[in-house]
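Spelled out from the first residue to the last, the chains are:
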Amino acid sequence: MASEKPIVVVTCTAPVNIAVVKYWGKRDEELILPINSSLSVTLHQDQLKTTTTAAISRDFTEDRIWLNGREEDMGHPRLQACLTEIRRLARKRRSDGHEDPLPLSLSYKVHVASENNFPTAAGLASSAAGYACLAYTLARVYGVDSDLSEVARRGSGSACRSLYGGFVEWQMGERPDGKDSVARQVAPESHWPELRVLILVVSAERKPMGSTAGMQTSVETSALLKFRAEALVPPRMAEMTRCIRERNFQAFGQLTMKDSNQFHATCLDTFPPISYLSDTSRRIIQLVHRFNAHHGQTKVAYTFDAGPNAVVFTLDDTVAEFVAAVSHSFPPESNGDKFLKGLPVEPVLLSDELKAALGMDPVPGSIRYIIATQVGPGPQVLDDPGAHLLGPDGLPKPAA
Ligand code: DP6
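Residues numbered from 1 in each chain as written. Predicted model: local features only at pLDDT ≥ 70, side-chain atom pairs only at ≥ 80, totals over all residues. Heavy atoms only, no water.

Points about the overall build of the chain
Moving on, step 1. On a plain count of helices and strands, the chain comes out with 9 helices and 17 strands.
Moving on, step 2. Rg of the C-alpha trace for the chain: 22 Å, near the compact-globule value of 21 Å for 400 residues, within the 12% margin.
Moving on, step 3. A principal-axis box enclosing the C-alpha atoms of the chain has dimensions of 75 × 50 × 40 Å.
Moving on, step 4. The proportion of buried residues among the 400 residues of the chain is 54%.
Moving on, step 5. Sequence-distant contacts in the chain: of pairs separated by 6 or more residues, those separated by 24 or more amount to 78%.
Moving on, step 6. A total accessible area of about 17,600 Å² is found for the chain, and carbon and sulfur atoms account for 52% of it.
Moving on, step 7. Across the chain, the mean location of the 42 positive side-chain charges is 2 Å away from that of the 46 negative side-chain charges. (Helix = DSSP H or I, 4+ residues; strand = E, 2+ residues; numbered from the N terminus. Rg over C-alpha atoms; globule rule 2.2 N^0.38 Å. Buried < 20%, exposed > 50% of the residue type's maximum accessible area, 1.4 Å probe, protein only. Contact = heavy atoms within 4.5 Å. Areas by Shrake-Rupley, 256 points an atom, 1.4 Å probe, with all protein chains shown as cover. Lys, Arg positive; Asp, Glu negative; His and termini not counted. Charge placed at Lys NZ, Arg CZ, Asp CG, Glu CD.)

In structure tokens, the structure reads:
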């Protein structure tokens, strides 16, 4: 029997986010409820995004998913949690008396295809964009228009912050059922147009321990993490929100670096200890502090997640000089990659004073490349049917 066209096909994109007040530790592993609130900056999808197509059809016999062209197991508990949750919301919507545009849709199986526009091998966290995109796309397919924090969060905690553009907080909430553990926009992407983000992709030596396992051990063993979550993060959330509202880069940058350092301190306080920073990460930290000391103010700020790559915040007037400082200290090795990707950056010469202030022996090749980007919007629906990753038969289109 020739299969009929899927009755609904939707394609959406979602962004990566980088936390400036870090989430680390769960109070409920199943519901993915955090021990502290967190705050992040949404990165622009021109440089980093996930694209996801979801389709439903009466012909599909099972739920299936393809990630970056490879079929994966839809039975994965976190994928199942997202699917179950979205179907529950769709059912609830119907029982609440909303007119259902797709009366049969709930009994139909879904096919999902998802891909990133950046190499997974770069070690950039892709689960946040991936699960946010899954939640957002499934919501469109099943006609759900309620808050999607829970759906995305059940995939990966940090994913709920990728549901919005600009500056986003994930309020930890208090309820045991997690209904108040939601993401909210603090300021839109247009709020701070001068803010720039440089991702310094470090040549990784080995794959670090994943966040899920890492934070579990931290919760079990680190008294510092407990103290941070209870006593330090609440005032820090308020302060970070204020820095962003006032567009105070110096205060924003300092707090961002301190929070990153504190997160990595809790990793060292974990037993057995976890270390995500590499020698190159530590050299980048030194470079940033020397660059700032030379200028007598905080002009650039780093933050690191559960891996060695640095994400650096700065303002548009400082990008060119800082990129020159990075290229000076970590000369590119011709490895086939373009050293600078993303937003264009004008080449400038470093002053001898700054070179002397950096005072570092160049380490060629330890930074593979830089991605220059900026603050960006939340998930988008793509209207062009040409953007669908699934063909009319509901299977992934062959790669172009
Ligand atoms: C260091 O959201 O990846 O990036 O909820 O277990 O999927 P799970 O963890 P995940 O953890 C992110 C940790 C972090 C900090 C952050 O993004 O806030």
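Next, the rest of the story.
A word on the site of the ligand
Moving on, step 1. Taken together, 17 residues lie around the ligand, and Y23, K26, R78, S156 and S158 are the ones closest in.
Moving on, step 2. In this structure, Y23 approaches the ligand through a side-chain N or O atom, which is 2.6 Å from an oxygen atom.
Moving on, step 3. Here an oxygen atom of the ligand and a side-chain polar atom of T212 are 2.8 Å apart.
Moving on, step 4. A total of 460 Å² of accessible area belongs to the ligand in isolation, and the protein chains cover 94% of it.
Moving on, step 5. No other element matches the 3 residues that helix α4 (residues 211-221) contributes to the shell around the ligand.
Moving on, step 6. Considered class by class, the residues forming the shell around the ligand number 7 nonpolar, 5 polar and 5 charged. (Near = heavy atom within 4 Å. Polar contact = N/O pair within 3.5 Å; in protein donor to acceptor, adjacent residues only side chain to side chain. Nonpolar A, V, L, I, M, F, W, Y, C, P; charged D, E, K, R; others polar.)

Considerations on the nonpolar core
Nonpolar side chains tend toward joint burial in soluble globular proteins.
Moving on, step 1. I86, V110, V112, L138, Y142, V144 and L148 are the most contacted members of the largest nonpolar core, which has 49 residues in total.
Moving on, step 2. Top contributing element to this core by residue count: helix α2 (residues 127-141), with 9 residues.
Moving on, step 3. If near-sequence neighbours (up to four positions away) are discounted, V144 is found in contact with I86, L89, A90, R93 and A139. (Core = buried A, V, L, I, M, F, W, Y, C linked by side-chain atoms within 4.5 Å.)

Here we look at the packing of helix α1 (residues 77-95) against α2
Moving on, step 1. Between α1 and α2, whose axes approach to 10 Å, the crossing angle comes to 30°. Classed by the angle they form, the pair α1 and α2 counts as roughly parallel. Judged by the sense of rotation from one axis to the other, the crossing of α1 with α2 is right-handed. From α1, R78, L79, C82, L83 and I86 reach across to α2, where they touch Y131, L134, A135, L138 and A139.
Moving on, step 2. When its residues are assigned to classes, the contact of α1 with α2 shows 9 nonpolar, no polar and 1 charged. (Axes fitted to C-alpha atoms, helices over the stretch in contact; angles between N-to-C directions. Parallel < 35°, antiparallel > 145°, perpendicular 65-115°, else oblique. Left-handed = near helix turned anticlockwise from the far one by under 90°.)

A closer look at unusual backbone geometry
Moving on, step 1. Each neighbour pair has its own omega, and for F271 with P272 the value is -5°, a cis peptide bond.
Moving on, step 2. Positioned with a positive phi, N68 is a non-glycine residue whose angle comes to about 50°.
Moving on, step 3. Relative to the helices and strands, N68 resides in the loop between β7 (64-67) and β8 (70-72).

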